[in-house]
Amino acid sequence: AVARTAELGALKDTMGFSFSKVGGGPKKEEGAATEGPRAANERGCTDILCLLTFVLYWIGMLIIMSVSVRYGDINAIKYGKDYRGNRCGVGDFVNMSKTFYPRIDLDLFEQKQFLIDRKPWLVRLYGLCTPHCVDPSSVDIKNAQIEDAVKRANYNWNDQSTTIQDRAVDWYTILPEISILNRCMPYTNEDQEIRSYCYRPTCNEMGVECALEGSGDGDSWELLQKYTQAFRDKCIVKKTISAGNEFENYHASYLQTYVTGQLGGFISFMESINESRTEIAVTSLLFCSVICFIWLLLVGRFAKVVVYTMIFAMFALLLSIVGLTFTYSCFIDTSSYDCAAAAAKTTTYAGVTLENTNVYRGAFFVSTIIFIIFLLSMIYLKKAITTCVAIVREASVVVGAMPTLFALPIISTSVSVCFFLYFLYIGAYIATSYEETYAYFDTTSVSAYTNAVNADGTRGMYFLMIYHLLGSLWALSFIVGVSSLTIAGAVASWFFFRDNKERYPKMPVVSSAYTTCRFHLGTVAFGSLLVALCQLLRIILEWVDQQTRSLQQGNVFARMTLKCVKCCMWCLEKFLKFITGYAYIYTAIEGMSFCTAAKSTFVLIMKYPAQVYINHLVQMMLKLLMSVTVPFACGLICYFWVEGGNKPDGMYCAVIAIGCSFFITRLFATVYEVVIESVFVCSFRDRDAYGARHTPASIRKAFGLDGKVTEENEPLKPASSTAKAAPAPITRVNTFVAT
């Protein structure tokens, strides 16, 4: 075998070329690497059929787009209709673009069966076109012209041809309205004024204008924004005075009161957000990005402390759950818990009723098993934990060496947002491509409900919507896959060539992105299709669950079966994402097709199950810790910033900042997760194939190779231009025939 290997090496040197494993043609060996990621001249296009399928599918998407744009009516989304089917904002009603609904609560009550049957698209509201929605100033209680300001005439009224559907000749609106997609929705008119006054020191002592009215004290002064924060901080005693007025319909129904109240709260919420938009944007974008980057660097520096602290926290949490469930299970009567009263209480879920003590006993046995497994794994997998700590440390080093990695999720997220908007826009055209055969629900007809259901034209568009949905899900997963494979390729280049200036690319991220787009888009298309199909099935199952609620109420078996299937599909999606993530890493390193890379992933899992388990557990805890601490810190910064500026509703702004910061944090955490997995795969591949020649010192020490470094396992040095480098260990033999 050794002689045969030498012959093959000599033959390759003599002929000066080799056949690529995937490319299928002779290529020169100039600078070809036998270790580390395959060079471009050693790669070939992978999973081409999958890429062609992806392209053909999207050709179908474009055909659907053209057909739906031709036959659909986007105005059905942009503008409403009056009760006779006239579209507001177009044609004869071009100057009356708004639609108001004077009897929305009665319409919803009369057509409640559509809502019960989960067919809200069949609801038809009594609407009239109007030039504008009612402004809050027009319904001010102090305005003497209130009736004239909100009086709206029914332009369809005709004394000779009026029907019962015309309802009334004039309608009066007494609530302000907000325009939502040119639909005027009423909301509760609420006005609240808040003023803060300083009583000590007095206005004369501070040398400012005194507040003679409103404060109740002539020596007080108002804490106005025109004063600097340092000046306002000199106040010792502050008094806050608030006054609020609410204007609503005296005869409003419960439904209308609820809807208008919710819209009123939404308007107040949006006003507060708009006033503090600068603080929210800075804290959730700039501050969050800086904190995330620093957080990742600190985790690398204190990796051991962070990992063991999280493991101890997990241990304490599981132990607490075991203790609580044991106490509530009433295995032993205690004075601190009334077991007799607990035994009399029951819990009902999905039609099954159980005693509380039995529920807690089941939870106790499950939590005990999980706790024992966790405890034993932490005891017997100490070496795997040490290796994981070293991998996390080196992952932070990679992040510090290549900060441009974080540009990839930002770019991919931006592209994903564009595709999501495309999905909504074309979906609106598809949804309006069927012809509506009735305009208003005729309450005088006995068969009104049956006629409306029979006139439903949405059945024919289900196939188009499913096709459109799958294509959009596929595209979103495809974008994420390209980003992950690019990150893995850049990390692999750093791992193997960081000390080799000739092999290490000047722009590793750009180089990896080129390799991904040049050779491996088919592999990404394959993996993303599997994930998209699973997501589509989950969406369909959710739709089936919603449509069969009435059936499930009387059939416990059907309800439990559906929930079990949904749970299995959730697990399958997580499993597919796990496999595709590692498959992309192997593709980035070896240039493999998806199936071969997935096989290598299974081999890795079977060979190092303990290390994979520990790595995944630590990644999960790191992501959780990062997703909690960073957004919470940004929320606190935003809250104190808004409150310090005396702007209203600092808590609302903090909540928005936390939400936006959470999204940004997840992007950073996703990059870090891919980096950890890439370093893990590279480390064990390097150890198994090359004796850890390229592995960083910290991971080599975790492998137990510290102090055993020889010339054979030190990193490769660049080859001299005058002398050939010593042949590296051959791990792949390209079979070819030479004549």
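Please refer to the structure placed before this passage.
Residues numbered from 1 in each chain as written. Predicted model: local features only at pLDDT ≥ 70, side-chain atom pairs only at ≥ 80, totals over all residues. Heavy atoms only, no water.

**Student:** So what about the sheet that holds strand S7 (residues 177-180)? Which residues, and what values?
**Tutor:** With mixed pairing, the four strands of this open sheet are ordered in space as S4-S3-S8-S7. Either end of the sheet is taken by a strand with one partner, and the two such strands are strand S4 (128-130) and S7. The sheet shows a mean angle of 40° between the axes of neighbouring strands, taken without regard to direction. The pairing of S7 with strand S8 (residues 183-186) spans four bridges and is classified as antiparallel. Looking across to S8, one finds that Ile180 is bridged to Arg183. (Pairing = 2+ DSSP bridges. Helix = DSSP H or I, 4+ residues; strand = E, 2+ residues; numbered from the N terminus. Axes fitted to C-alpha atoms, helices over the stretch in contact; angles between N-to-C directions.)

**Student:** Let's hear about the packing of aromatic side chains: which residues, and what values?
**Tutor:** Scanning all chains against the criterion turns up 31 aromatic pairs. Taken together, a centroid distance of 6.4 Å and an interplanar angle of 25° make the contact between Phe287 and Trp641 stacked. Highlighted residues: Phe287 in helix H10 (residues 277-301) and Trp641 in helix H23 (residues 609-644), separated in sequence by 354 residues. Taking relative accessible area as the criterion, Trp641 reaches 35% and is therefore assigned partly exposed. Among the aromatic residues, those joined into a cluster by ring pairs are Phe54, Tyr57, Phe463, Tyr467, Trp474 and Phe478. (Phe/Tyr/Trp six-rings, centres within 6.5 Å; stacked < 30°, edge-to-face > 60°. Buried < 20%, exposed > 50% of the residue type's maximum accessible area, 1.4 Å probe, protein only.)

**Student:** Quick rundown of the state of the cysteines? Include the residues and the values.
**Tutor:** Under the criterion given, the structure shown has four disulfides. A sulfur-sulfur separation of 2.3 Å characterises the disulfide bridge that pairs Cys198 with Cys235. Looking down the S-S bond of the Cys198 and Cys235 bridge, the torsion is 110°, so its handedness is right-handed. Within this pair, whereas Cys198 is found in strand S9 (residues 189-200), its partner Cys235 is found in the loop between helix H8 (229-232) and strand S11 (237-247), the two being separated by 37 residues in sequence. Take Cys198 and Cys235: they sit in the same class, and that class is buried. Put simply, Cys203 and Cys210 are joined by a disulfide, and their sulfur atoms are 1.9 Å apart. Taking the sign of the torsion about the S-S bond as the criterion, the disulfide between Cys203 and Cys210, at about 80°, is right-handed. Exposure remark for Cys203: the relative accessible area of 0% places this residue in the buried category. Note on Cys50: no disulfide assigned, nearest cysteine sulfur contributed by Cys595 at a separation of 7.6 Å. (Disulfide = S-S within 2.5 Å.)

**Student:** So what's going on with the pattern of salt bridges? Residues and values would help.
**Tutor:** Going through the model one piece at a time under the given rule, you end up with ten salt bridges. The closest approach of N and O atoms between Glu573 and Arg538, which form a salt bridge, is 2.6 Å. Residue Glu573 is found in helix H21 (residues 556-590), and its partner Arg538 is found in helix H19 (residues 521-547); the two are separated by 35 residues along the sequence. Taking relative accessible area as the criterion, Glu573 reaches 7% and is therefore assigned buried. Between Asp688 and Arg687 there is a salt bridge; the shortest N-O distance is 3.6 Å. The exposure class of Asp688 is partly exposed, given its relative accessible area of 41%. The exposure class assigned to Arg687 is partly exposed, which follows from its relative accessible area of 26%. One network of salt bridges, with partners in common, ties together Arg538, Glu573 and Lys577. (Salt bridge = Lys/Arg side-chain N within 4 Å of Asp/Glu carboxyl O.)

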